[in-house]
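# Breakdown of the fold
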Amino acid sequence: MARMKFLCDSDRCIECNACVTACKNEHEVPWGINRRRVVTINDGRPGERSISMACMHCTDAPCAAVCPVSCFYTTADAIVLHDKDLCIGCGYCFYACPFGAPQYPRVGNFGGRGKMDKCTYCAGGPQQDGTMVEYAQYGSNRIAEGKLPLCAEMCSTKALLAGDGEMIATIYRERVSKRGYGAGAWGWRTAYRENVGA
Amino acid sequence: MNRISRLVAAAAMAFSLATPALAQIGGPVTGTPSNPITTPGSADELELMKALNGGRIAGRVSIPDAQSASLIQPEGREWRDFHNKTLTWVGGIAVLGMLAILAIFYLSKGRIRIDAGPAGRTIKRFNGFERAAHWMTATSFVVLGLSGLNLTFGRYLLLPIIGPEAFTAVSLWGKIAHNYLAFPFTLGIVLLFLVWVKDNIPNKVDVAWFKAGGGLLGRGHNHPESGRFNGGQKMVFWITVLGGALVAASGYILIFPFAVTDIAGMQLAHIVHGVLSVLMVAAMIAHIYIGSVGMEGAFDAMGSGEVDLNWAKEHHSLWVEEEMAKARETIGGPAGAKAAGAD
Ligand code: SF4
Ligand code: SF4
């Protein structure tokens, strides 16, 4: 089985936000929730870089570790998913997540958080694959259709790569050796406890 | 030549990477990188450096959600350790430890009786308002405490027994109750503070009271004297007021996520809230014990508000004298005269 990962090549990302838009559209993500976003560091200064970031589907995922109702599970492809029927919207996963991936609709009292929503790697949720129930809760399930996440597919510069970790790391390494520079894979050390490798 | 220059470069790089780490270990950090991001090494190095220094990598985003500008926050890992390890251990030891101490105490010393036996006559200890404030605080505290403990321990203790759906239902109602009961709890803390603070200023009598082993350890017929509240009760009062205030303050930060602070602040608020809460739960378990099974006659104070006169004389001698003096003044008869029914 593959070990699915995301990799954002910040030397290629042009901050066009197509991945963000594609994700919102594909899953009909509600207003105020961003499963993916593009963060620009050193904006307007030398060394400016844009990085498209969503849930990284961590190894030994921190969100799953702290969830008081243990509603996370990991698929055979190492995709980290959760069950919205079990989530209580406590917000703990946001405190533990290194990448700010979990999102909460604002519902009910105070700043009350609703059921957590995050990137599913276009893999839906625990409901029956490809059903309307699944779509309504988690968005479309492209993985079940044999496709990879739409954000990466849409990326015009191919900065954002999705797929088996080994494979995208190889692509990235080839790029770096060809062009002679590379800023590294953002979040890999934190998410996967490993580097893209030399 | 080429080799040498490469060696030099490698050494320089190794040194530059090692410096922040050394600075961390060797006492006060003097040479924190002014802005490490302006000289982007590889993403990997930067991440490593930030993880070592406990820093966050943040930037700018074009969406309104300010929190999403934080790209990588390695502190999440520390918060995870706090929540899964530290809090679980501190809470478990505090609560179970307190229960164990009380059990041992009960088994070895039993219930503390009124030495002189019940007098049959009572004296008013707490009026209706005081009792209402106490019970409002107490009931909300119990629900807050249980629903809070559930978030840390429920997944180990309750989830395997009742299953995921039922556990989610319990936890969800617990969360809603926790959010709403925060308000009566806070109000209760304020009221209790206002009505009782004047009787809870620590003084010399309390020192003597503690030296004599208080009401629990200092058994026998020489009860240390005490005013309206003894040293132990004053401790409970200040734990409730100060602990409650801090727990409430950190709780309001958590209830309105990111309204006043960022992710680091939220994590800190949770840490303060969690640790103080489990300690308060432990303290209140002791309070509940003494106020119920632990001591004969104690519950009436908060039950009917009327305590047995002999109980009052044994545990709050100075207060009884004061009350008696006040009663005589109110009656206003000639000194030494007894009002009808005063005996
Ligand atoms: S990126 Fe965040 S939400 Fe995604 S698996 Fe890691 S900790 Fe969980
Ligand atoms: S918000 Fe939901 S998924 Fe996240 S930790 Fe709380 S219960 Fe678990």
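Refer to the structure presented above.
Everything in this summary refers to the structure shown in the same document. All values derive from a computational prediction rather than experimental measurement.

## Regarding the overall build of chain B
Helix and strand content of chain B: 13 helices and 4 strands. When the 343 residues of chain B are sorted by exposure, 41% land in the buried category. Sequence-distant contacts, at least 24 apart, represent 73% of the contacts inside chain B between residues at least 6 apart. When the accessible surface of chain B is split by element, carbon and sulfur atoms take 70% of a total near 18300 Å².

## As for the site of ligand 2
In the neighbourhood of ligand 2, 14 residues make up the surrounding shell, with A:Cys67, A:Cys87, A:Cys90, A:Gly91 and A:Cys93 lying closest. Residues that form the shell around ligand 2 fall into these classes: 12 nonpolar, 2 polar and no charged.

## Some remarks on helix α4 (residues 128-157) of chain B
In the structure, α4(B) departs most strongly from a straight axis at B:Leu151, where the bend amounts to approximately 60°. Capping the start of α4(B), B:Asn127 holds a side-chain oxygen 3.1 Å from the backbone nitrogen of B:Phe129, two or three residues further along.

## Some points on the interface of chain B and chain A
At the interface, 53 residues of chain B touch 52 residues of chain A. Between chain B and chain A lies a buried interface of about 4500 Å² when both sides are counted; carbon and sulfur atoms form 56% of it. Of all residues in chain B, B:Arg60, B:Leu71 and B:Arg80 bury the most surface against chain A, accounting for 16% of the area lost on that side. Between A:Asp60 and B:Arg80 there is a salt bridge, and its shortest N-O distance comes to 2.9 Å. Here chain B is connected to chain A by 19 residue pairs in polar contact (both at pLDDT 80 or more). Among the elements of the structure, α2 (43-53), β1 (57-58), β2 (70-72), α3 (75-109), α4, α6 (164-196), α9 (231-255) and α10 (263-291) of chain B are those that each provide at least two residues to the side of chain B that touches chain A. The element that contributes the greatest number of residues to the side of chain B that touches chain A is α6(B), accounting for 10 residues.

## With respect to the packing of aromatic side chains
In this structure the tally under the stated criterion is 16 aromatic pairs over all chains. For the pair A:Trp188 and A:Tyr192, a centre-to-centre distance of 5.0 Å together with 90° between the ring planes defines the contact as edge-to-face. In this pair, A:Trp188 and A:Tyr192 both sit in helix α7 (residues 188-192), 4 residues apart, roughly one turn of the helix. On the basis of relative accessible area, A:Trp188 is assigned to the buried category, the value being 2%. Ring plane angle 90° and centroid distance 6.4 Å describe the contact between B:Tyr106 and B:Tyr289, whose orientation is recorded as edge-to-face. One end of the pair, B:Tyr106, is in helix α3; the other, B:Tyr289, is in helix α10, with 183 residues separating them in the sequence. Taking relative accessible area as the criterion, B:Tyr289 reaches 9% and is therefore assigned buried. The ring of A:Tyr104 has A:Arg113 lying over it, and the distance from NZ or CZ to the ring centre is 5.3 Å. Seen from the ring of B:Trp319, B:Arg125 lies directly overhead, with NZ or CZ sitting 4.9 Å from the centre.

## Concerning the site of ligand 1
Around ligand 1 sit 13 residues, and of these A:Cys55, A:Met56, A:Cys58, A:Cys63 and A:Cys97 come closest. Here the residues of the shell around ligand 1 sort into 11 nonpolar, 1 polar and 1 charged.

## Here's the deal with the pairing of strand β3 (residues 49-54) of chain A
Consecutive residues of a regular strand have side chains that alternate between opposite faces of the sheet. Residues and elements named next belong to chain A. In terms of burial, β3 is largely enclosed, as 5 of its 6 residues are buried. Pairing of strand β2 (residues 36-41) with β3 involves 6 bridges; the strand directions are antiparallel. Counted as the bridge partner of valine 39 is isoleucine 51 from β3.

## Quick notes on unusual backbone geometry
Note: most residues except glycine have negative phi, and most peptide bonds are trans. Residues and elements named next belong to chain A. In this structure, serine 70 takes a positive phi of about 45° despite not being glycine. Mapping serine 70 onto the fold places it in the loop between α2 (62-66) and β4 (72-74). Unusually for a residue other than glycine, alanine 78 sits at a positive phi of about 65°. Of note, alanine 78 is situated in the loop between β4 and β5 (80-82). Residue class for alanine 78 comes out buried when judged on its relative accessible area of 16%.

Criteria and cut-off values
Residues numbered from 1 in each chain as written. Chains lettered and ligands numbered in written order. Predicted model: local features only at pLDDT ≥ 70, side-chain atom pairs only at ≥ 80, totals over all residues. Heavy atoms only, no water. Helix = DSSP H or I, 4+ residues; strand = E, 2+ residues; numbered from the N terminus. Buried < 20%, exposed > 50% of the residue type's maximum accessible area, 1.4 Å probe, protein only. Contact = heavy atoms within 4.5 Å. Areas by Shrake-Rupley, 256 points an atom, 1.4 Å probe, with all protein chains shown as cover. Near = heavy atom within 4 Å. Nonpolar A, V, L, I, M, F, W, Y, C, P; charged D, E, K, R; others polar. Bend = angle between axes of the 7 residues up to and from the residue. Polar contact = N/O pair within 3.5 Å; in protein donor to acceptor, adjacent residues only side chain to side chain. Buried area = accessible area lost by both parts, 1.4 Å probe. Salt bridge = Lys/Arg side-chain N within 4 Å of Asp/Glu carboxyl O. Phe/Tyr/Trp six-rings, centres within 6.5 Å; stacked < 30°, edge-to-face > 60°. Lys NZ or Arg CZ within 6 Å of the ring centre and 35° of its normal. Pairing = 2+ DSSP bridges.

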